[in-house]
Amino acid sequence: MYLHGTSTINAQGHLEIGGCDTVDLRNQYETPLYVMDEALIRQRAREYIEAFKKSGLSFQVAYASKAFCTMAMCRLVEEEGLSLDVVSEGELYTALQADFPPERIHFHGNNKTPEELQMAISAQIGCFVVDNFDELHLLNAIAAENKTQVNILLRVTPGVEAHTHEYISTGQTDSKFGFDISNGSAYEAVQLALDKPNLVLLGLHSHIGSQIFEVDGFQVAAERVSAFAVQVKHELGATFRVINLGGGFGIRYTDEDAPLEVSEYITAITDAVKKHFTRVYQTLPEIWVEPGRSLVGDAGTTLYTIGTSKDIPGVRKYVSVDGGMTDNPRPALYDSKYEALLANRALEEAEETVSIAGKCCESGDMLIWDTKLPHVVSGDLLAVACTGAYNYSMASNYNRIRRPAVVFVKDGRSDLVVKRETLPDIVANDLIPQRIQKQPFALERNS
Ligand SMILES: *Cc1c(COP(=O)(O)O)cnc(C)c1O
């Protein structure tokens, strides 16, 4: 397994993260356990800020909190000077409870409810990323009721869809998100937004994909957005102060992945904006980006205790852990690949090929197919790397499995940031209607 951030193997042959021995972490917090390398999260945040500072452009780096949203994470994000994207009342509430500055919160989503819009207006958040015509009308109406004006970006689809290694140029974009540039909806949305007295149109937003390893998709998106800006300036006399080019910067899950450095993505984006907008505007727009995965993904490691094994001679050996698709649904959902390490015997030679199974009642509940490990026995500690993004945030209670705890580790110190769910938590919202409650014996008799 590739050792990310502060991960290292100590003199006892144990995996250590943030100066904390993972065997000690298991003893203290039990498994499954999400371990987040705080120094690595901070380092990634600083890489974004540094790259933008070098460009000389004004900027905001907004953490897409859906990747991993907890109150402690919101605190880290504020301390590092980033902004925060939220997509629901739950993420907004988490940020507000963590005292995250509302003016640095951006609200995304293709179906924000009236209640969510009202909550965000009351909190005086910094910006709404408006996704469709219904929202444009609704947000203006709610802002008017509140006798206020709100900042907006319009989410546009520039006809670029980026995948890991290539981008696809699509004409008419088939997507549930945003206003299409090529069919004129984006233009119509700009006209409408300019006419709405309670909306302040700051600019445009585009997000082209996720786990992207090349810069050309971002470059083409910047070019198409700039061409649209030219049209809007000439025909409507309006200029955009902000161009948001989204997130999607790739990370290394396995050695098949070759992401660029953060600075390479950002330099490509700022260079593209300089190149395409210099001929459009006297003052270059402020650039916003929204990394999610790349801020937290490789900072996370999940620790599991190994339980049963099933060896099918000549076929495969299954090794089961005390978690699975409930704490990491990505292999089942996306066929995602992960790497593992035997954390309590990390220096021993890998000698057998095994497949790591979860404990849920689904054949698809597999974490890793065919990985080499030392001979494992029940009670061993398994570490799966790169689980910081879209693991905790997508965790479920399938099979009524309790969701794991999350700890931040740094400089030999560990702090619980999410408690492990308890069995009473599992039934906390359950109700039994009176008519099917178990009756005392005397009442059961028909007299
Ligand atoms: C999910 C999302 C992001 C973050 O994507 P990552 O791949 O995690 O960087 C950014 N912006 C928008 C609009 C998103 O939906």
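Computed from a prediction, not measured in an experiment: that's the story for all the values here.

Novice: Go over the overall build of the protein chain, please, and point to the residues and values.
Specialist: When helices and strands are tallied, the protein chain shows 13 helices and 23 strands. A globule of 447 residues ought to have a C-alpha radius of gyration of about 22 Å, and the protein chain, at 24 Å, matches this closely. With the C-alpha coordinates aligned to their principal axes, the bounding extent of the protein chain is approximately 75 × 70 × 40 Å. Looking at the protein chain as a whole, 55% of its 447 residues qualify as buried. Contacts in the protein chain between residues far apart in sequence, at least 24 positions, make up 69% of those at least 6 positions apart. Of the roughly 20,200 Å² that the protein chain leaves accessible, carbon and sulfur atoms contribute 48%. When the 40 basic and 60 acidic side-chain charges of the protein chain are each reduced to a single mean position, those positions are 3 Å apart.

Novice: Would you mind going over helix α6 (residues 133-145) in detail, with residue names and values included?
Specialist: Over its 13 residues, α6 runs 19 Å from end to end, which matches the ideal 18 Å to within 8%, given 1.5 Å per residue. Inspection of α6 places Glu135, Leu136, Leu139, Asn140, Ile142 and Ala143 among the buried residues, and these make up the whole buried set. The buried residues of α6 occupy an angular sector of 170° when the element is viewed end-on, so they sit on one face. With respect to the buried face of α6, the exposed residues turned more than 90 degrees away are Asp134 and Glu145. Buried residues along α6 sit against α5 (114-122), β8 (127-130), β9 (150-157), α7 (185-195) and β13 (199-205). Between a side-chain oxygen at the N-terminus of α6 and the backbone nitrogen of Asp134 the separation is 3.4 Å; the capping residue is Asn132. Lys147 occupies a position one or two residues after α6 and carries a positive phi of about 50°.

Novice: So what's going on with the packing of helix α2 (residues 38-55) against helix α9 (residues 262-277)? Residues and values would help.
Specialist: Contact pair α2 / α9: the axes reach a minimum separation of 9 Å and the direction vectors enclose 30°. The pairing of α2 with α9 is recorded here as roughly parallel in orientation. Both α2 and α9 take part in a crossing whose hand is right-handed. In contact with Arg44, Glu47, Tyr48, Ala51, Phe52 and Ser55 of α2, α9 contributes Val262, Ser263, Ile266, Thr270 and Lys274.

Novice: Account for the site of the ligand, naming residues and giving values.
Specialist: Taken together, 14 residues form the shell around the ligand, and within it Lys66, Ser210, Glu290, Arg293 and Tyr390 come nearest. His207 is positioned such that a nitrogen or oxygen atom in its side chain is 3.4 Å from a nitrogen atom of the ligand. Backbone polar atom of Gly248 to an oxygen atom of the ligand: 2.9 Å apart, as the coordinates give it. Across the complex, the protein chains shield 91% of the 390 Å² of accessible surface that the ligand would expose by itself. The class makeup of the residues in the shell around the ligand is three nonpolar, seven polar and four charged.

Novice: If you had to explain the packing of aromatic side chains to someone new, which residues and values would you point to?
Specialist: On inspection of all chains with the given rule, the structure shows 14 aromatic pairs. Their ring planes at 25° and their centres at 5.1 Å tell us that Phe218 and Phe249 sit as a pair that is stacked. With Phe218 in helix α8 (residues 216-236) and Phe249 in the loop between β14 (242-244) and α9, this pair connects stretches of sequence that are 31 residues apart. Each member of the pair, Phe218 as well as Phe249, carries the same accessibility label: buried. The interplanar angle of 80° and the centroid separation of 5.4 Å between the aromatic rings of Tyr253 and Tyr338 together place this pair among those described as edge-to-face. In this pair, Tyr253 is assigned in the loop between β14 and α9 and Tyr338 in the loop between α11 (330-334) and β18 (340-342), connecting sequence segments 85 residues apart. Its relative accessible area of 4% is what places Tyr253 among the buried residues.

Thresholds, definitions, all that
- Sequence order as written defines residue numbering, which begins from 1 separately in each chain.
- For a predicted model such as this one, the threshold for reporting local features is a pLDDT of at least 70, and the threshold for listing and counting side-chain atom pairs is 80 or more; totals across whole chains, interfaces and linings nevertheless cover every residue.
- With hydrogens and water stripped out, all remaining heavy atoms of the structure feed into the side-chain values.
- Comment: elements are numbered from the N terminus, with helices defined as DSSP H or I runs of at least four residues and strands as E runs of at least two.
- Atoms considered for the radius of gyration are the C-alpha atoms alone. The globule rule reads 2.2 Å times the number of residues to the power 0.38.
- Between buried and exposed lies partly exposed: a residue is buried under 20% and exposed over 50% of the maximum accessible area for its type, with that area taken using a 1.4 Å probe on protein chains only.
- We call two residues in contact whenever any of their non-hydrogen atoms come within 4.5 Å of each other.
- Using the Shrake-Rupley algorithm and a 1.4 Å probe, accessible areas are obtained, with residue cover drawn only from the displayed protein chains.
- This count recognises Lys and Arg as positive and Asp and Glu as negative, with His and chain-terminal groups excluded.
- Where a charge lies is defined by one atom per residue type, namely NZ (Lys), CZ (Arg), CG (Asp) and CD (Glu).
- Helix span, as expected, comes to 1.5 Å for every residue beyond the first.
- To obtain the arc, one takes the directions from the helix axis to the C-beta atoms.
- For this analysis, a polar contact is any N or O atom pair within 3.5 Å, provided that within protein one partner can donate a hydrogen and the other can accept it, and provided that sequence-adjacent residues contribute only side-chain to side-chain pairs.
- Axis definition: a line fitted to C-alpha atoms, over the contacting stretch in the case of helices. Angles run 0 to 180 degrees between N-to-C directions.
- Any angle that is under 35 degrees is reported as roughly parallel, and any over 145 degrees as roughly antiparallel; angles of 65 to 115 degrees are reported as roughly perpendicular and all others as oblique.
- Two helices that cross are described as forming a left-handed crossing if the nearer one is turned anticlockwise from the farther one by less than a right angle, and a right-handed crossing if clockwise.
- Proximity criterion: a residue is near a molecule or strand once any of its heavy atoms comes within 4 Å of it.
- All amino acids are sorted into three groups, where Ala, Val, Leu, Ile, Met, Phe, Trp, Tyr, Cys and Pro are nonpolar, Asp, Glu, Lys and Arg are charged, and the leftover types, Gly among them, are polar.
- Stacked, tilted and edge-to-face are the three classes assigned to paired rings of Phe, Tyr and Trp, where Trp is represented by its six-membered ring and a pair needs centres within 6.5 Å; plane angles under 30 degrees give stacked, over 60 edge-to-face, the rest tilted.

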